[in-house]
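Observations on the model geometry
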Amino acid sequence: MRDTAESLSRLDRNPPYAPFYGAMGVVASSVLTSIGAAYGTAVAGSGIASTAVMRPELVMKSIIPVVMAGIIAIYGLVVSVLISGELDSSLKYSVRKGYVHLFAGVSVGVSGLAAGYAVGEVGDMGVRHMALQPRLFIGMILVLIFAEVLGLYGLIIGIYLYTVDVK
Amino acid sequence: MAAQIRTVVTQTFLYLFLAVATILTLYFVMTGKGERVSVGWFLASSNPYMWACLGIGLSVSLSVVGAALGIHTTGTSIVGGGVKAPRIKTKNLISVIFCEAVAIYGLITAIVLSGQLEQFSMETALSTPAIQNTNWFSGYLIFGAGLAVGLVNLFCGIAVGIVGSGAALSDAANAALFVKILIVEIFGSAIGLFGLIVGIYMTSKSKMGDKE
């Protein structure tokens, strides 16, 4: 009788589908940050292509928004690799761990998506107007740093959730 | 006109799906069968082969869709810009190759993932919890890896295509600009590579089969 109760409560905490949530956390963190980074690269890249025709000498300075969009993809990669290292079969991986990892991935993912969107839009308009007024470069960099930091906030929470000890 | 039809069809599908899901869920909840609406039941009782093969299929198909959308964007710009500047046509094939590389990432992942499909007997799995948990875990991992790689490559391909289109048109205006905008495309391609790394690393733990 006691064995049954113990095994039922173990099945309640370690059901066979517990690693699914962890795997979806990895998927969320890598996919959503990559969507943000891809959006930032594409939108800023088309801005660079437009301004390069007018001012070819400013192209190298204009690549900074694209680099910052790439960094957002790296945030997602970091959290994905960290969470993947913790995934295990449900004998040792409880469903609580699964929820923690799922929302670690979602937090960095959605933040990265929003940050990539912001970096892309600011980069696009920034490089287009920098071609008309080159002194805007410093202003564009300042705004881009604030947009990038949004992704960093998601990374902080993602890593903090990963280090939370849940059994 | 086409955009209106598209929005109407999309919204019809979406609202119909939401309405059916709500009505079905409420029916189950209101008639005392609420515990049957269970994500956990679905996840535990579905076959790991389904998840694994879904992951393999999605990894290659979504990557190819991304590459195709990218080649569509780049190719039309190359051909359009080449009307007044035919010299761009050979150099800008590099942009098309970057998009193709995205599809190849998906292909590689699908081949690696299908190498991890192993047979396991359901009797052994259902009688030994350790083997069942390992196989179910591997099914979810392969699905997650394939889905991650597929979706990342989908959006990476679109981005590389848009940048490649910009590269072609600015190359048509000024031949020295192509190499500079190629740097932006390389950053775009790196996003697909990150997805590949995540996919391959995630499946390094999966182990299907009859042995523990």
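For the structure, see preceding data.
Residues numbered from 1 in each chain as written. Chains lettered and ligands numbered in written order. Predicted model: local features only at pLDDT ≥ 70, side-chain atom pairs only at ≥ 80, totals over all residues. Heavy atoms only, no water.

1. Considering the overall build of chain A
So the rule is basically this: Here a strand is any run of E in DSSP of at least two residues, a helix any run of H or I of at least four, and the numbering for each starts at the N terminus. For the radius of gyration, the atom set is restricted to C-alpha positions; the globular benchmark scales as 2.2 Å times the number of residues to the power 0.38. When a residue's accessible area, from a 1.4 Å probe over protein chains only, is under 20% of the maximum for its type it is buried; when over 50% it is exposed; and in between it is partly exposed. Here, two residues are considered to be in contact whenever any of their heavy atoms come within 4.5 Å of each other. Method for areas: the Shrake-Rupley scheme with a 1.4 Å probe, in which residue coverage is limited to the protein chains shown. This count recognises Lys and Arg as positive and Asp and Glu as negative, with His and chain-terminal groups excluded. Every charge is mapped to an atom, namely NZ of Lys, CZ of Arg, CG of Asp or CD of Glu.
Along its length, chain A carries six helices and zero strands. The N-to-C order of helical and strand elements in chain A reads α-α-α-α-α-α. In terms of overall dimensions, chain A is more spread out than a globule: its C-alpha atoms have a radius of gyration of 21 Å, far above the 15 Å expected for 167 residues. If one aligns the C-alpha atoms of chain A with their principal axes, the spans along those axes are about 80 × 20 × 20 Å. Within the span of chain A, comprising 167 residues, buried residues form 54% of the whole. Counting only contacts in chain A whose residues sit at least 6 apart along the sequence, the fraction spanning at least 24 positions is 86%. Carbon and sulfur atoms make up 70% of the accessible area of chain A, which totals about 7,300 Å². Once the 11 positive and 10 negative side-chain charges of chain A are each reduced to a mean point, those two points are 3 Å apart.

2. Examining the packing of helix α3 (residues 48-81) of chain B against helix α5 (residues 93-114) of chain B
Residue and element names in this part refer to chain B. Test applied: Helix axes are fitted to C-alpha atoms over the stretch in contact, other axes to C-alpha atoms as well, and angles between N-to-C directions run from 0 to 180 degrees. Here the angle decides the label: under 35 degrees means roughly parallel, over 145 means roughly antiparallel, 65 to 115 means roughly perpendicular, and every other value means oblique. Under the scheme applied, nonpolar residues are Ala, Val, Leu, Ile, Met, Phe, Trp, Tyr, Cys and Pro; charged residues are Asp, Glu, Lys and Arg; polar residues are all the others, including Gly.
Contact geometry for α3 and α5: axes closest at 8 Å, N-to-C directions at 175 degrees. In terms of orientation, α3 lies roughly antiparallel with respect to α5. Across from Ile56, Ser59, Val60, Ser63, Val64, Ala67, Gly70, Ile71, Thr74 and Ile78 in α3, the residues of α5 making contact are Ser95, Val96, Cys99, Glu100, Val102, Ala103, Gly106, Leu107, Thr109, Ala110, Leu113 and Ser114. Taken together, the residues of the contact of α3 with α5 break down into 13 nonpolar, eight polar and one charged.

3. Brief notes about the side chain of Ser189 of chain B
Residue and element names in this part refer to chain B. Within the secondary structure, Ser189 sits in helix α8 (residues 178-202). Ser189 gets classed as buried once you look at its relative accessible area, which sits at 8%. Sequence-distant contacts of Ser189, defined by excluding residues within four places in its chain, comprise Phe98, Tyr105, Cys156 and Val160.

4. Re the environment of Ile108 of chain B
Inspection of the secondary structure assignment puts Ile108 of chain B in helix α5. Taking the relative accessible area as the measure of exposure, Ile108 of chain B reaches 40% and is therefore partly exposed.

5. Thoughts on the interface of chain A and chain B
Where we set the bar: Put simply, buried area is how much 1.4 Å-probe accessible surface two parts lose in total, over both of them, once they are put together. In what follows, salt bridge is the name for a side-chain nitrogen of Lys or Arg lying within 4 Å of a carboxyl oxygen of Asp or Glu. Identification of polar contacts relies on pairs of N or O atoms within 3.5 Å, with a donor-acceptor requirement for protein atoms, meaning one able to donate a hydrogen and the other able to accept it, and with residues adjacent in sequence counted only if both atoms are side-chain atoms.
On the side of chain B, 42 residues touch chain A, which itself brings 43 residues to the contact. Interface of chain A and chain B: buried area, both sides summed, is about 3,600 Å²; carbon and sulfur atoms make up 85% of it. Linking chain A with chain B are zero salt bridges. At the junction of chain A and chain B, the tally comes to four residue pairs in polar contact (both at pLDDT 80 or more). If you list the elements that add at least two residues to the side of chain A that touches chain B, you get α2 (18-54), α3 (59-62) and α4 (64-86) of chain A.

6. Details of the packing of aromatic side chains
Condition: We call Phe, Tyr and Trp rings a pair once their centres come within 6.5 Å, taking the six-membered ring for Trp, and we label the pair stacked below 30 degrees between planes, edge-to-face above 60, and tilted otherwise.
Applying the stated criterion across every chain yields a total of 13 aromatic pairs over all chains. Centre to centre, the rings of Tyr27 of chain B and Phe28 of chain B are 5.5 Å apart; their planes meet at 65 degrees, and the pair counts as edge-to-face. A residue is classified by how much of its surface remains accessible, and Tyr27 of chain B, at 42% relative accessible area, is partly exposed. Aromatic side chains Trp51 of chain B and Tyr140 of chain B sit 6.0 Å apart centroid to centroid with 65 degrees between the ring planes, which places their arrangement in the edge-to-face category. Of this pair, Trp51 of chain B sits in helix α3 while Tyr140 of chain B sits in helix α7 (residues 129-173), placing them 89 residues apart in sequence. Tyr140 of chain B matches Trp51 of chain B in its accessibility class, with the two residues each being buried. Among the aromatic side chains, those forming a connected cluster through ring pairs are Tyr17, Phe20, Tyr21 and Tyr99 of chain A together with Phe42, Trp51, Tyr140 and Phe143 of chain B.

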